[in-house]
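Structure at a glance
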Amino acid sequence: MKKLSEAGNLTEAEIEGILGEVKQKETDRVIFKNEQLYCFFPSTYTSEQMRREILETLKSWRNSNWYGDVITEKK
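Residues numbered from 1 in each chain as written. Predicted model: local features only at pLDDT ≥ 70, side-chain atom pairs only at ≥ 80, totals over all residues. Heavy atoms only, no water.

Considering the environment of Ser-5
Stated formally: Here a strand is any run of E in DSSP of at least two residues, a helix any run of H or I of at least four, and the numbering for each starts at the N terminus.
Along the chain, the position of Ser-5 falls in helix H1 (residues 2–6). Each C-alpha atom of the pair Ser-5 and Ile-15 lies 10.0 Å from the other, and the pair is 10 residues apart in sequence.

Written as structure tokens, this is what we have:
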């Protein structure tokens, strides 16, 4: 918006279009605060260790309990 404004091309329609955009990253993320997860892990675990453990647990659960279509992992 700043660049459009500086160039004199920022219109009300442009502003509405920009503000109405759905960002891909916003729709693809699930966020937990560390405080929400601490009670499930040893106090020595780092955030990265918790993340890995959660993913491994979910994979294990999916393999033993999921009967529907499975979306493959993105890397």
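Let us keep going from here.
Observations regarding the environment of Asn-34
Threshold: Accessibility here uses a 1.4 Å probe with only protein chains present; expressed as a share of the type maximum, an area under 20% marks a residue as buried, one over 50% as exposed, and anything in between as partly exposed. Should any heavy atoms of two residues lie within 4.5 Å, those residues are considered in contact.
By secondary structure assignment, the location of Asn-34 is in helix H4 (residues 34–37). Accessibility expressed as a relative area gives 27% for Asn-34, which makes it partly exposed. Taking C-alpha positions, Asn-34 is 9.5 Å from Thr-46, a pair spaced 12 residues apart along the chain. In this structure Asn-34 touches Ser-47 and Met-50, once residues within four positions along its chain are discounted.

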